[in-house]
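Next come the chains, spelled out residue by residue.
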Amino acid sequence: MDEIKDLLSEADKQDDVSARAYSKLMAQMTEVERDKSFKGFEATAVKCLCEPIGRMLMKFCYQNEEFALAVERNEGSLLDLLRGIVKMSTKDKPMVSDVEAYAKAVKFYLPAGEIICSFRVNLPEERDDDLLDLESVTSAPEQNSAIILDVFGVEDL
């Protein structure tokens, strides 16, 4: 616990809001790893989510000062957030997608915020054009080696 207090007091001395938010998240990640108050599935799920969600939030803090400020000022803990994500799982829907988890994380700190996801698919230089009609992809010079696929671009099938 002293280690966490040391991290937080060092961050308080810094003028950089991103560094303070980063330190706060690091301390909270350490708390989650050490927390023994929950058991079973919840404990496993929370600890599995902690690293990827925590790291993503840290990256967001360094990318955007407003987001970092929201993290710094938020009174909720990373553990509260992770438990909320785990509770999104139900008997009918036992798994939560990474997109849903990241969206919940952003909304935890910025209630009006949203995430927009897309994937960049790099096409191999040598491909069998008989398997796929790539005429539309190769006709646009800026998309010769990649196509952008929007996760939210198609309604549920």
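For clarity, every value in this text was computed on a predicted model and none was experimentally measured.

Caption draft 1: Looking closely at the environment of Ala103. Topologically, Ala103 is positioned in helix α6 (residues 98–109). By relative accessible area, Ala103 is classed as partly exposed at 25%.

Caption draft 2: Molecular detail of helix α5 (residues 78–86). Burial of α5 is extensive: seven of the nine residues sit out of reach of the surface. Of all the positions in α5, only Leu78, Leu79, Leu81, Leu82, Gly84, Ile85 and Val86 are classed as buried. On the buried face of α5, the contacting elements are α2 (17–34), α3 (40–63) and α6.

Caption draft 3: Focus on the pattern of salt bridges. Counted under the stated rule, the structure contains three salt bridges. As a salt-bridge pair, Glu42 and Arg83 come within 3.2 Å of each other at their nearest N and O atoms. Here the residue Glu42 occupies a position in helix α3, and Arg83 occupies one in helix α5, the gap between them amounting to 41 residues. Here Arg55 and Glu51 are joined by a salt bridge, their closest N and O atoms 2.9 Å apart. With Arg55 and Glu51 both in helix α3 and four residues apart, the pair spans about one turn of that helix. The exposure class of Glu51 is partly exposed, given its relative accessible area of 42%.

Caption draft 4: Highlighting the packing of aromatic side chains. Applying the stated rule across the entire model yields four aromatic pairs. A centroid spacing of 6.1 Å and a plane angle of 65° characterise the contact between Phe67 and Tyr109, whose relative ring orientation is edge-to-face. Of this pair, Phe67 sits in helix α4 (residues 65–73) while Tyr109 sits in helix α6, and the two are 42 residues apart along the sequence. A relative accessible area of 5% means that Tyr109 is categorised as buried. Both rings, one in Phe108 and one in Tyr109, keep their centres 4.9 Å apart while their planes meet at 80°; by these two values the pair is edge-to-face. Judged by its relative accessible area of 25%, Phe108 is partly exposed. Put simply, the rings of Phe60, Phe67, Phe108 and Tyr109 touch in pairs and so form one group of aromatic residues.

Rules used in this analysis
- As a convention, each chain's residues are numbered from 1 in the sequence order in which they are written.
- Only residues with pLDDT of at least 70 are given local features in this predicted model, and only at 80 or more are side-chain atom pairs given and counted; all residues enter the totals for whole chains, interfaces and linings.
- The side-chain numbers reported here are obtained from all heavy atoms of the structure, hydrogens and water having been left aside.
- Put simply, DSSP H or I for four residues or longer makes a helix, DSSP E for two residues or longer makes a strand, and each gets a number counted from the N terminus.
- When a residue's accessible area, from a 1.4 Å probe over protein chains only, is under 20% of the maximum for its type it is buried; when over 50% it is exposed; and in between it is partly exposed.
- Residues count as neighbours in contact if any of their non-hydrogen atoms are within 4.5 Å of one another.
- By definition here, a salt bridge exists when the distance from a side-chain nitrogen of Lys or Arg to a carboxyl oxygen of Asp or Glu is within 4 Å.
- Pairing of aromatic rings covers Phe, Tyr and Trp, the last counted by its six-membered ring, and requires centre-to-centre distances within 6.5 Å; plane angles under 30 degrees mean stacked, over 60 mean edge-to-face, and any other angle means tilted.

As far as function goes, none of this settles anything; it's purely spatial.
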